[in-house]
Amino acid sequence: MLDFFFKPKTVAVIGASREPGKVGHDVLRNLLDFNFPGHIFPINPKADEILGLKAYPSILEVPEDVDLVVIAVRAPFVPEVIDQCGQKGVKAAVVLTSGFKETGLEGAKLEKKLVETARSHGIRIIGPNCLGILDTYSRLNATFAGLKPIKGEIGFFSQSGALCLAVLEWSKAEKIGLSRFVSLGNKCDVNEIECLRMLAEDPHTKVIMGYIEGITDGRAFTEVACEVAREKPVIIFKSGTTAAGARAASSHTGSLAGSEQAFEASVKRSGLIRAKTLREFFNLALYFAFMPPLAGPYLGIVTNSGGPGIVAADACENSALELPSLSSETVEKLRKVLPPYASFYNPVDITGDADAARYEKTLEVLIEDQRLNGLLVILSRTATVNPDEVAEILTKDKAQKPIVACFLGEESVKKARKKLLKGKVPHYEYPEEAVKVLEKAWLYEWWRKKPPAKVKKLKVNFKQVAETLQIVRSEGRSHLLDHEVKQILEAYGFVFPKSLVARTTDEAILAAKVIGYPVVLKVLSPQIQHKSDVGGVKVNIRDEEELIKAFEEIIINVRKRLPGISVLGVIVQEMAPKGKEVIVGFIRDPQFGPLVMFGLGGIYVEVLKDVTFRLAPLAKEEALEMIREIKAYPVLKGIRGEPEVDMDSLARAIVSMGQLAADFPELSEGEVNPLIVGPKGQKTIAVDARLSLGGEK
Ligand code: ADP
Ligand code: MG
């Protein structure tokens, strides 16, 4: 796929120029300097020869077949040039020219014309407004970047040209080579999804790095990422993820969801390795380019100073990694090579008077300890240690076990750092950074090893929901009535407390008798979103006297806070048995489609923001992961002697909410908040729910 872009036999540069500094000149220069083995044809009607190559007035005059064209003419001429390429039978074009969609409406029109022309000839386009493409194995440098790339194993694609340059420069500085490199520009045709596939299939690419600003089809992207990430690590840095709550939302779920949450949900499903900062982007690439997978979470730390060791240990504490204690066998061996005042715990502190030989002996012992999956070697500059020698040791006999280094300091360790990178040992400036990288390496390996989550459909009453929605549509309503919300969610397995509507105190008394005390009273008004916000909910009403008082208070509260609003009466509801309040909801993202949210529920959801998202529909294992992911998980597990809540029933609720979202695209968002879940054996009860209808997205 797209291979023809990267392995052409002949290349034409349309808009080739004699003037250095011009795109049409620099790209030709790069093609020549990188020793492209095939024929290169400069196209320029005003020149006979450029950089020693015979120039042609138009692509149509070129005497051979042309596999790839690189276009650098001014924007208005591009569609016409593409048309000529079509006549010539060209199949691949890289359009470097800017002045298209990125400039506004006129540019967008021109870009549309460019795409239409290309489609009519079956030409694939990379760009426009891009830096070009590169393949270090076929010796194709069709970029106008001023840096000569090194051959290696990292395949990179980017929506930003500036980032392309940054990656080129970084790869040179860190002596990491590149295999392929694609600057996507406006991605009018070839997009990030095809790039992922292409780099997955490229045998020279071992690690994929991608910089993304926007994703056009989030679902397709996730699916492809799922496949590719099983083969090779894919490190993604995405910018432009906006904070949640930017738009007006009618539910808690809506106010907490945003493009950031949608992307994160995609990452969680697909096993992409996400860098949160540019620095982390490079840090991660260094690890994956140089090191084998981190097979487990158990890390060993060696240090010659206490402080940095503790910093690293603290970072581990807050991560998915663990610092196991050393086996007695390992401790025995260490005692033979370390002074008695050293620390034989993990981190192993070989103390400030250590020299390189002490590092070497310690490492030999720790590498042998099968319990440790990876090692972090920290070095602080002291009078006795020579950083260069330690670097030498680390690069010498590369163990099967991943080892990363953190040499603290600036000038004094500069040479040693260079040595490490040259010897393909990742080096990080600070211990926390090293730990973060190792954590992500482990989480990736964990994801890769677990069997892919399979979505299993639950048995639900699909027909009932379809019928209810049909009634709503036939009455021309966009609002679902309370009993309809209940009907729909019940059809998907949610259980509601008994409840009755009462318009007067007398009716309420009667209703409470039927339901049985204690009861809950809630204001009934289609105009009120969050009832407790306006004093519209009274719980644990034990008798008639309390009921009358609660009824009056609710009416007074609502009248006072929302004068003029129509109040239909109250709902008298059965008290749910004691349990933990959680929220289960869904929303639709324009790119990623339906998302399920789970978190700590109740009336403080937006304040605590202890929620997590997944793409819907989802597998039960994913639902269980969501439950384990929230901060309040220990509360659900049961603290202070409380029993654990019914996790199975909770997971089922999450899965069925996802299924509902996926089954009925006309439902734009919805949630149960709170869902009250108690210990196993107690029914999980949905005490409050809402659903909204929207346009199909
Ligand atoms: P709203 O979210 O509109 O303010 P809810 O119906 O969610 O109203 O009620 C607010 C809170 O009252 C819930 O979070 C829950 O703590 C409590 N509550 C409501 N209904 C019940 C019930 N049937 N049983 C037990 N507690 C309830
Ligand atoms: Mg509620």
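Conventions and cut-offs
Residues numbered from 1 in each chain as written. Chains lettered and ligands numbered in written order. Predicted model: local features only at pLDDT ≥ 70, side-chain atom pairs only at ≥ 80, totals over all residues. Heavy atoms only, no water. Domains from an automatic or database assignment. Contact = heavy atoms within 4.5 Å. Buried area = accessible area lost by both parts, 1.4 Å probe. Salt bridge = Lys/Arg side-chain N within 4 Å of Asp/Glu carboxyl O. Phe/Tyr/Trp six-rings, centres within 6.5 Å; stacked < 30°, edge-to-face > 60°. Helix = DSSP H or I, 4+ residues; strand = E, 2+ residues; numbered from the N terminus. Buried < 20%, exposed > 50% of the residue type's maximum accessible area, 1.4 Å probe, protein only. Patch = residues over 30% accessible without salt bridge, like charges linked within 9 Å, V, L, I, M, F, W, Y side chains within 5 Å. Areas by Shrake-Rupley, 256 points an atom, 1.4 Å probe, with all protein chains shown as cover. Axes fitted to C-alpha atoms, helices over the stretch in contact; angles between N-to-C directions. Parallel < 35°, antiparallel > 145°, perpendicular 65-115°, else oblique. Core = buried A, V, L, I, M, F, W, Y, C linked by side-chain atoms within 4.5 Å. Expected span 1.5 Å × (residues − 1). Pairing = 2+ DSSP bridges. Donors = N, O, S within 2.8 Å, 3.2 Å for Na, K, Ca; no water.

### Some points on the domain arrangement of the chain
- Splitting the chain by domain gives domain 1 (3-213), domain 2 (292-449), domain 3 (498-574) and domain 4 (580-693).
- The straight-line distance from the C-alpha centre of domain 3 to that of domain 4 is 26 Å.
- With six residues of domain 3 at the interface, the matching set in domain 4 holds four residues.
- Between domain 3 and domain 4, roughly 400 Å² of surface is buried when both sides are summed, and carbon and sulfur atoms account for 26% of that area.
- Seen at the junction of domain 3 and domain 4, the total is one salt bridge.

### Observations concerning the packing of aromatic side chains
- Applying the stated rule across the entire model yields 13 aromatic pairs.
- Here the aromatic rings of F462 and F664 are separated by 4.7 Å at their centres, their planes lie at 25 degrees, and the arrangement is stacked. Highlighted residues: F462 in helix α17 (residues 462-474) and F664 in the loop between α24 (647-663) and β26 (667-677), separated in sequence by 202 residues.
- Looking at F462, the relative accessible area reads 42%, which means it is partly exposed.
- The class of F664 is buried, set by a relative accessible area of 4%.
- An aromatic cluster is defined as three or more aromatic residues linked by ring pairs; in this entry it consists of F156, W170, F181, Y211, F237, F281 and F282.

### Overview of the pattern of salt bridges
- Counted according to the given criterion, the structure contains 46 salt bridges.
- Notably, a salt bridge pairs D3 with R180, separated by 3.2 Å at the nearest N-O pair. Residue D3 is found in helix α1 (residues 3-6), and its partner R180 is found in strand β11 (residues 178-183); the two are separated by 177 residues along the sequence.
- One salt bridge in this structure joins D388 and K415, with 3.2 Å as the shortest N-O distance. Of the two residues, D388 is situated in helix α14 (residues 387-396) and K415 in helix α15 (residues 411-422); the sequence distance between them amounts to 27 residues.
- For D388, a relative accessible area of 16% puts it in the buried group.
- Look at the salt bridges and you will find they share partners, linking D3, K7, D135, R180 and D202 into a network.

### Quick notes on a nonpolar patch on the surface
- There is a patch of nonpolar side chains on the surface, built from I603, Y604, V607 and L608 and spanning about 460 Å² of accessible area.
- Along the chain, V607 falls in helix α21 (residues 605-608).

### Some words on the packing of helix α6 (residues 192-201) against helix α7 (residues 218-231)
- Contact geometry of α6 with α7 gives a least axis separation of 9 Å together with a crossing angle of 10 degrees. Relative to α7, the element α6 is oriented roughly parallel. Each of E192, I193, L196, R197 and A200 in α6 lies in contact with α7, whose residues at this interface are A220, F221, V224, A225 and V228.

### Here's the deal with the nonpolar core
- F5, I133, F157, I235, Y287 and L376 are the most contacted members of the largest nonpolar core, which has 112 residues in total.
- In contact with L376, other than residues within four places in its own chain, are L299, G300, I301, V302, A312, V404, C406, A434, V435 and L438.
- By size, the runner-up hydrophobic cluster in this structure holds 42 residues, among which are L480, F494, F496 and L660.

### Regarding helix α4 (residues 105-121)
- Given a rise of 1.5 Å per residue, 17 residues ought to cover 24 Å, and the 25 Å separating the end C-alpha atoms of α4 matches this to within 8%.
- Considering only its buried residues, α4 is in contact with α3 (78-88) and β7 (124-126).
- Immediately beyond the C-terminal end of α4, within one or two residues, lies G122, with a positive phi of roughly 70 degrees.

### Thoughts on the sheet that holds strand β18 (residues 403-407)
- Within the open sheet, the four strands sit side by side as β16-β15-β17-β18. Their pairing is parallel. One side of each edge strand has no neighbouring strand; the edge strands of this open sheet are β16 (348-349) and β18.
- Note that strand β17 (residues 374-379) and β18 share five bridges and pair parallel. Across the sheet, the residue bridging to L375 is I403, located in β18.
- In the packing of α14 onto the sheet, contacts are made with β17 and β18, and the angle to β18 comes to roughly 170 degrees.

### A few points about the coordination of the magnesium ion (ligand 2)
- For the magnesium ion (ligand 2), the full set of protein donor atoms is N673 (O) and D688 (OD), at a range of 2.2 to 2.3 Å. In this pair, N673 is assigned in strand β26 and D688 in the loop between β27 (685-686) and β28 (689-693), connecting sequence segments 15 residues apart.
- Assessed through its relative accessible area of 4%, N673 is described here as buried.
- Taking the relative accessible area as the measure of exposure, D688 reaches 17% and is therefore buried.

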